[in-house]
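# Breakdown of the fold
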Amino acid sequence: KDVRLDAGRRLEPTHVVVNIDENRRDTVEALAQFVPNIIVTHPCTPEDNRALYRLFGHVFDRTAAARRLEYELDAALGEAGALAATVPPEAALYLIWREPWMTVARDTYISAMLDRVGWRTLPEKCAERYPVLQWGEEWVGSAQRILLPSEPYRFRECHVAEVERLARRPVVRVDGEMVSWYGSRAIAGLRYLTSLRRSLVLDG
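Here we summarise the structure given alongside this text.

What counts, and where the lines are drawn
- Residues numbered from 1 in each chain as written.
- Predicted model: local features only at pLDDT ≥ 70, side-chain atom pairs only at ≥ 80, totals over all residues.
- Heavy atoms only, no water.
- Pairing = 2+ DSSP bridges.
- Helix = DSSP H or I, 4+ residues; strand = E, 2+ residues; numbered from the N terminus.
- Axes fitted to C-alpha atoms, helices over the stretch in contact; angles between N-to-C directions.
- Salt bridge = Lys/Arg side-chain N within 4 Å of Asp/Glu carboxyl O.
- Buried < 20%, exposed > 50% of the residue type's maximum accessible area, 1.4 Å probe, protein only.
- Contact = heavy atoms within 4.5 Å.
- Expected span 1.5 Å × (residues − 1).
- Right-handed = clockwise from strand over helix to strand, strands pointing away.
- Phe/Tyr/Trp six-rings, centres within 6.5 Å; stacked < 30°, edge-to-face > 60°.

## Let's talk about the sheet that holds strand 3 (residues 90–94)
The parallel open sheet is built from four strands, whose spatial order is 4-3-5-6. Either end of the sheet is taken by a strand with one partner, and the two such strands are strand 4 (119–121) and strand 6 (171–174). Ignoring strand direction, the axes of neighbouring strands in this sheet form an average angle of 40 degrees. Sheet topology note: the strand 5 (residues 145–149)/strand 6 ladder contains four bridges and is parallel.

In structure tokens, the structure reads:
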């Protein structure tokens, strides 16, 4: 988020990839003063990566590689969908921050990734994309699954007991990169989530 413009200028890049959620407009405008090509990304669902692959394939003359990524993404989405169709959905609370405690709304990329394997994030409706939560709120108590990722807040093993005490239910640690990183990582992320949910279902 905090781009060192002086360092970027010294690198003399021909292209810079920015993201609407991650980079401020004033930063992008400053980069555009010395970078010929600014590539703006904003995937909101895993399916949006198809267009992202095509864009990168066109810009960097890698259309064959882009087509392969599309094929792999469709396969991973199919695997996730097959699992979601065979097991009941679960209401999930996915924490992203501590002090204050924060989660994700359903219009976020993270929520869409979790939804593909049948985890419906809470709250169901919210004006903010990353709402602050209070543990005593009714909607928080309706979560069937508590997911504790490794990023953006670096939740560690020492936080598991704290969250279990506050949530009054078991916590599952997850690899935050696999849930929130878009692009080619989305393929591995979908397969990771599919495998994780399947294992939890089998464990009961």
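## Let's talk about the pattern of salt bridges
In total, this model carries 18 salt bridges according to the counting rule given. R10 is paired through a salt bridge with D6; the nearest N and O atoms lie 3.9 Å apart. Of the two residues, R10 and D6 both sit in helix 1 (residues 5–11), four residues apart, roughly one turn of that helix. Owing to a relative accessible area of 45%, D6 belongs among the partly exposed residues under this scheme. One salt bridge in this structure joins R120 and D115, with 3.0 Å as the shortest N-O distance. Judged by relative accessible area, D115 falls into the partly exposed class, the value being 28%. A single salt-bridge network, built from bridges that share partners, covers E47, D115, R116 and R120.

## Brief notes about the environment of S180
As for its position among the elements, S180 is in helix 8 (residues 176–180). On a C-alpha basis, the gap between S180 and S142 in space is 24 Å, while along the polypeptide they are 38 residues apart. Excluding residues that lie within four positions of it along the chain, S180 makes contacts with Y109, I110 and E151.

## So, the pairing of strand 5
Within strand 5, five of the five residues are buried, leaving the element largely enclosed by the surrounding structure. Side chains R145, L147 and P149 of strand 5 all project onto a buried face; the interleaved residues I146 and L148 project onto the opposite face, where all are buried too. In the sheet, strand 3 pairs with strand 5 via three bridges, with the strands oriented parallel. If you follow L93 over to strand 5, its bridge partner there is I146.

## Details of helix 4 (residues 63–86)
Helix length check: helix 4 (24 residues) gives 35 Å between terminal C-alpha atoms against 34 Å at 1.5 Å per residue, within 8%. Looking only at helix 4, the buried set comprises A65, A66, E70, L73, A76, L77, A80 and L83. Packed against the buried residues of helix 4 are helix 3 (49–59) and helix 9 (185–203).

## Brief notes about the environment of A105
Here A105 is to be found in the loop between strand 3 and helix 5 (109–115). Those residues in contact with A105, other than ones at most four positions away along the chain, are S111, T121, C126, E128, R129 and P131.

## Topic: the pairing of strand 1 (residues 15–19)
As defined by bridge partners, strand 1 adjoins strand 2 (residues 37–41) across five bridges and the pair is classed as parallel. Note on strand 2: the bridge partner recorded for V18 is V40. Crossover connection from strand 1 via helix 2 (residues 25–31) to parallel strand 2: handedness right-handed.

## Things to note about the packing of aromatic side chains
Counting across every chain of the model gives five aromatic pairs. Considering the side-chain rings of F56 and F60, the 6.0 Å spacing of their centres and the 80 degrees angle between planes classify their relative orientation as edge-to-face. Residue classification places F56 among the partly exposed positions, given a relative accessible area of 27%. On the basis of an interplanar angle of 50 degrees and a centroid distance of 4.7 Å, the ring pair of Y153 and F155 is categorised as tilted. Residues Y153 and F155 agree in their burial class; the two are buried.

Spatial relationships are all this shows, so hold off on functional conclusions.
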